[in-house]
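Letter by letter, the chains look like this.
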Amino acid sequence: EGVGPQEYTLVKIRILEPFPPKLASLSGRSVFLVAATLRPETMFGQTNCWISPGIVYVAYEACAGDGIQHVFVSTRRAARNASHQGLTPRPGEVDVLLELCGTDLLGAALHAPLARYPKVYALPMLTIREDKGTGVVTSVPSDAPDDFAALRDLKNKPALREKFGIADHMVVPFEPVPIITVPDFGNLSAVEACDRFKVTSQNDRDQLSAAKDAVYLKGFYEGVMIVSGYEGKKVEDVKKDIRQKMVATGDAVLYWE
Ligand code: A2H
């Protein structure tokens, strides 16, 4: 981190109608939460999308190719960066349609590309950084310890769900999906790592950092896909391919910062 530009894949997670009340004026348009990820090959394992209740987001006009305009939702900072990367209709300019609080988006029903679950939800994560990526993080609890810890917090703590108006059906049915097998860690490497390093909640910074150190590099360099269509292929070898496919189908765009 901090050394040279980082190439992210922005995954376009569609907000389903009826939109949350604060987005009602956008009804009829194609509106996407854009999640910045370094691991596009894990999108088969999405169970939800993380939004920070404390971050301000903007909905803005974005280019979808062939003159079609979509609406993207991200931090204003990321929107500005996107405008310098050809992702808005006029280079360097951001047409803001709405300013939103994270809480306005929580509980929204979503369609996440490649995910096994046809419908997922926008859920609160308290550790999202405002100064990185888009402030929108897609959740892959099978392979990301932060995601597993935060999802488990919501499952185990009814008071936390209630605080943010999250209904049980937005959380309870969603289990980590086995997508990649990692030597020594099995098919749900993040679950195993959280177990081994005794992560008890999303706020266990030191334990989470140890869990991530243990699985991230290993997952990327030694992980093997178990998703149908990619079975037996090394993660390292399919990442670019999956990213390109998502870009070609309009499910993702590239983003640097
Ligand atoms: B990754 P880097 Cl399965 N705040 O996506 C906190 N975390 C953020 C963020 C923000 N503002 N923006 C992006 N991220 C997360 C998937 C994934 C990711 C897997 C495994 C590893 C992994 C599913 N979540 O990242 O600090 C996103 O989580 C390993 C580093 O910019 C994004 O990719 O290097 C990653 O952190 C970007 O982290």
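See the structure printed just above.
Residues numbered from 1 in each chain as written. Predicted model: local features only at pLDDT ≥ 70, side-chain atom pairs only at ≥ 80, totals over all residues. Heavy atoms only, no water.

S.K.: Which residues make up the overall build of the protein, and what values do they have?
M.R.: Within the protein, the secondary structure is distributed over seven helices and 12 strands. The C-alpha atoms of the protein give a radius of gyration of 17 Å, which matches the 18 Å a tight globule of 257 residues would have. Seen through its principal axes, the protein has C-alpha atoms that stretch 50 × 40 × 35 Å. In the protein, which comprises 257 residues, the proportion classed as buried is 51%. Long-range pairs, those at least 24 residues apart, make up 70% of the contacts in the protein between residues at least 6 apart in sequence. By element, 52% of the accessible surface of the protein is carried by carbon and sulfur atoms, the whole surface being about 11500 Å². Separation of charge centres in the protein, based on 29 positive and 32 negative side chains, amounts to 1 Å. (Helix = DSSP H or I, 4+ residues; strand = E, 2+ residues; numbered from the N terminus. Rg over C-alpha atoms; globule rule 2.2 N^0.38 Å. Buried < 20%, exposed > 50% of the residue type's maximum accessible area, 1.4 Å probe, protein only. Contact = heavy atoms within 4.5 Å. Areas by Shrake-Rupley, 256 points an atom, 1.4 Å probe, with all protein chains shown as cover. Lys, Arg positive; Asp, Glu negative; His and termini not counted. Charge placed at Lys NZ, Arg CZ, Asp CG, Glu CD.)

S.K.: Give a detailed account of empty space enclosed by the protein, specifying residues and quantitative values.
M.R.: Applying the stated rule across the entire model yields one cavity of 30 Å³ or more. If you add up the space inside the largest cavity, you get close to 40 Å³. Contributing to the lining of the largest cavity are Arg 39, Asp 143, Ile 180, Val 182, Ser 189, Val 215, Tyr 216 and Gly 219. At three residues, helix α6 (residues 205–222) tops the list of elements feeding residues into the lining of the largest cavity. Class assignment of the residues belonging to the lining of the largest cavity gives a composition of four nonpolar, two polar and two charged. (1 Å grid on protein atoms, 1.4 Å probe; cavity = no way out; pocket = protein on both sides within 12 Å on 5 of 7 lines; lining within 4 Å. Points joined across faces, edges and corners; volume = space filled by probe spheres on them. Nonpolar A, V, L, I, M, F, W, Y, C, P; charged D, E, K, R; others polar.)

S.K.: Report on the site of the ligand, specifying residues and quantitative values.
M.R.: Around the ligand lies a shell of 18 residues, among which Tyr 8, Thr 37, Arg 129, Lys 132 and Asp 147 are the nearest. Thr 138 is positioned such that a nitrogen or oxygen atom in its backbone is 2.8 Å from a nitrogen atom of the ligand. Relative to its free-state accessible area of 700 Å², the ligand is covered by the protein chains to the extent of 87%. For the ligand, the cavity whose grid points lie within 2 Å of the majority of its atoms is the largest pocket. Elements with a minimum of two residues in the shell around the ligand: β2 (31–37) and β9 (136–139). Grouping the constituent residues of the shell around the ligand by class yields eight nonpolar, four polar and six charged. (Near = heavy atom within 4 Å. Polar contact = N/O pair within 3.5 Å; in protein donor to acceptor, adjacent residues only side chain to side chain. Sits in = over half its atoms within 2 Å of the grid points.)

S.K.: Provide a residue-level description of the nonpolar core, including the pertinent values.
M.R.: With 68 residues, the main nonpolar core has Ile 15, Leu 33, Leu 105, Leu 110, Leu 123 and Met 225 as its most contacted residues. Setting aside residues no more than four positions away along its own chain, Ile 15 makes contact with Pro 20, Leu 23, Val 31, Leu 33, Leu 105, Ala 108, Ala 109 and Leu 110. Among the nonpolar cores identified, the runner-up in size contains 15 residues, and Tyr 8, Leu 10, Ala 82 and Tyr 255 belong to it. (Core = buried A, V, L, I, M, F, W, Y, C linked by side-chain atoms within 4.5 Å.)

Don't take any of this as a statement about function, it's just geometry.
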